[in-house]
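One letter stands for each residue in the lines below.
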Amino acid sequence: MTPTVLYGIKIASRWASVLLSLVVAFIVSATVAGAADCRSSPDTKVDWSGCYKRQLMLGGSNLRDANLYDADLSFTDLSNANLQSADLEKATLIRTLLAGAKADGAKFERIEAYRAEMSRISAVDASFVNAEMQRVNLKAANLAGADFTKAELGRVNFEKAILTGAKFNLANMSRVSLNNARLDGGVDFGEAFMFRTRIEGVDLSTAKGLKQDQVDLACGDSQTRLPLGLTAPSDWPCQPD
């Protein structure tokens, strides 16, 4: 092989090495730039995805459009915070304080929320699909248009909540309290499991998907209004648990 050819091969190899280094550096920088910044201050569009944010005092923070995907916010105070359009999918919200928060359009899909305090939260058109929400307090919350499809809602308190047009398709509503809640606008209970769901005095006359077997499992009284064609069972009102 001639010296000229050898020299050309060396030059080509050197440039290939340089180009490979530049490509690797670009990929690394892009990855770092796109990674969550767990040390950043609470602000709009903050990226705390996957971050450990337990036991913090963040009441009143503006986290609008924040990326909180898979974040651990257990025991954190987010009362009166702005979480509009925030992504909280798969977030851990064990005993998290969200009272009075504004979370219209937020994504709460697949959250784990045990005994979270969400009274008076505004979560209009929010998605709680496949959420795990055991003993959560949503008293007096505005949940108009919210989607609870396939959610686990054992003993959730919806007392005095606005649930106009909400969806509970295939949700587990065992021992949920809907007492004094607003349920107009065609709330959908299609195939929801309603074992001892408290519907005393509730107007369900416009409800969708509600069947007699669901009503038979629930706990109503003489003031409960049912859709046309459904009747109150003879064992109402329920005996105390």
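Residues numbered from 1 in each chain as written. Predicted model: local features only at pLDDT ≥ 70, side-chain atom pairs only at ≥ 80, totals over all residues. Heavy atoms only, no water.

Caption draft 1: The arrangement of the overall build of the protein chain in detail. On a plain count of helices and strands, the protein chain comes out with 2 helices and 2 strands. Its helices and strands taken in sequence order, the protein chain reads α-β-β-α from the N to the C terminus. By the burial criterion, 44% of the 241 residues in the protein chain qualify as buried. Residue pairs at least 24 apart in sequence account for 4% of intrachain contacts in the protein chain once pairs closer than 6 positions are excluded. (Helix = DSSP H or I, 4+ residues; strand = E, 2+ residues; numbered from the N terminus. Buried < 20%, exposed > 50% of the residue type's maximum accessible area, 1.4 Å probe, protein only. Contact = heavy atoms within 4.5 Å.)

Caption draft 2: Layout of the confidence of the model for the protein chain. Averaged over the protein chain, the pLDDT score is 90; the fraction of residues at 70 or greater is 85%. pLDDT under 50 marks residues 22-33. Its contacts with residues more than four places away, or in other chains, come to 0 contacts. (pLDDT = per-residue confidence, 0-100.)

Caption draft 3: How the structure looks around a nonpolar patch on the surface. A contiguous nonpolar surface patch, about 240 Å² in accessible area, is contributed by Phe193, Phe195 and Leu217. With respect to the secondary-structure elements, phenylalanine 195 resides in the loop between β2 (132-134) and α2 (212-217). The class of phenylalanine 195 is partly exposed, set by a relative accessible area of 31%. (Patch = residues over 30% accessible without salt bridge, like charges linked within 9 Å, V, L, I, M, F, W, Y side chains within 5 Å. Areas by Shrake-Rupley, 256 points an atom, 1.4 Å probe, with all protein chains shown as cover. Salt bridge = Lys/Arg side-chain N within 4 Å of Asp/Glu carboxyl O.)

Caption draft 4: Quick peek at the environment of serine 127. Relative to the elements of secondary structure, serine 127 occurs in the loop between β1 (112-114) and β2. Owing to a relative accessible area of 14%, serine 127 belongs among the buried residues under this scheme. As a C-alpha pair, serine 127 and glutamate 89 span 38 residues in sequence and 9.3 Å in three-dimensional space. Setting aside chain neighbours within four positions, we find serine 127 in contact with Ala106, Lys107, Phe108, Glu109 and Asp147. A polar contact is formed between the side chain of serine 127 and the side chain of glutamate 109, at a distance of 2.8 Å. (Polar contact = N/O pair within 3.5 Å; in protein donor to acceptor, adjacent residues only side chain to side chain.)

Caption draft 5: The arrangement of unusual backbone geometry in detail. Cis peptide bonds are those with omega within 30 degrees of zero, and the linkage from tryptophan 236 to proline 237 qualifies with -10 degrees. With respect to the helices and strands, the residue proline 237 is situated in the segment after α2. The phi dihedral of lysine 45 is positive, around 60 degrees, even though this residue is not glycine. As for its placement among the helices and strands, lysine 45 is situated in the loop between α1 (3-34) and β1. Its identity is not glycine, yet phenylalanine 75 carries a phi of approximately 65 degrees, on the positive side. Mapped onto the elements, phenylalanine 75 comes out in the loop between α1 and β1.

Caption draft 6: Spotlight on the pattern of salt bridges. Throughout the structure, instances matching the rule amount to 6 salt bridges. Close ionic contact of lysine 107 with glutamate 89 constitutes a salt bridge, the shortest N to O distance being 3.8 Å. Of the two residues, lysine 107 is situated in the loop between α1 and β1 and glutamate 89 in the loop between α1 and β1; the sequence distance between them amounts to 18 residues. What makes lysine 107 partly exposed here is its relative accessible area of 31%. Put simply, arginine 198 and glutamate 200 hold a salt bridge, and the shortest N to O gap is 2.4 Å. In this structure arginine 198 comes out as partly exposed when scored by relative accessible area, which is 22%. Each member of the salt-bridge network shares a partner with another, and the members are Glu89, Lys107 and Arg110.

Caption draft 7: Structural detail: the packing of aromatic side chains. Counting across every chain of the model gives 7 aromatic pairs. Ring plane angle 5 degrees and centroid distance 4.8 Å describe the contact between phenylalanine 108 and phenylalanine 128, whose orientation is recorded as stacked. On the criterion of sequence distance, the pair formed by phenylalanine 108 in the loop between α1 and β1 and phenylalanine 128 in the loop between β1 and β2 is long-range, its members being 20 residues apart. On the basis of an interplanar angle of 10 degrees and a centroid distance of 6.4 Å, the ring pair of phenylalanine 193 and phenylalanine 195 is categorised as stacked. Three or more aromatic residues joined by ring pairs form one cluster here, namely Phe108, Phe128, Phe148, Phe158, Phe168 and Phe189. The positively charged end of lysine 53 is found above the aromatic ring belonging to tryptophan 48, 4.3 Å away from the centroid. (Phe/Tyr/Trp six-rings, centres within 6.5 Å; stacked < 30°, edge-to-face > 60°. Lys NZ or Arg CZ within 6 Å of the ring centre and 35° of its normal.)

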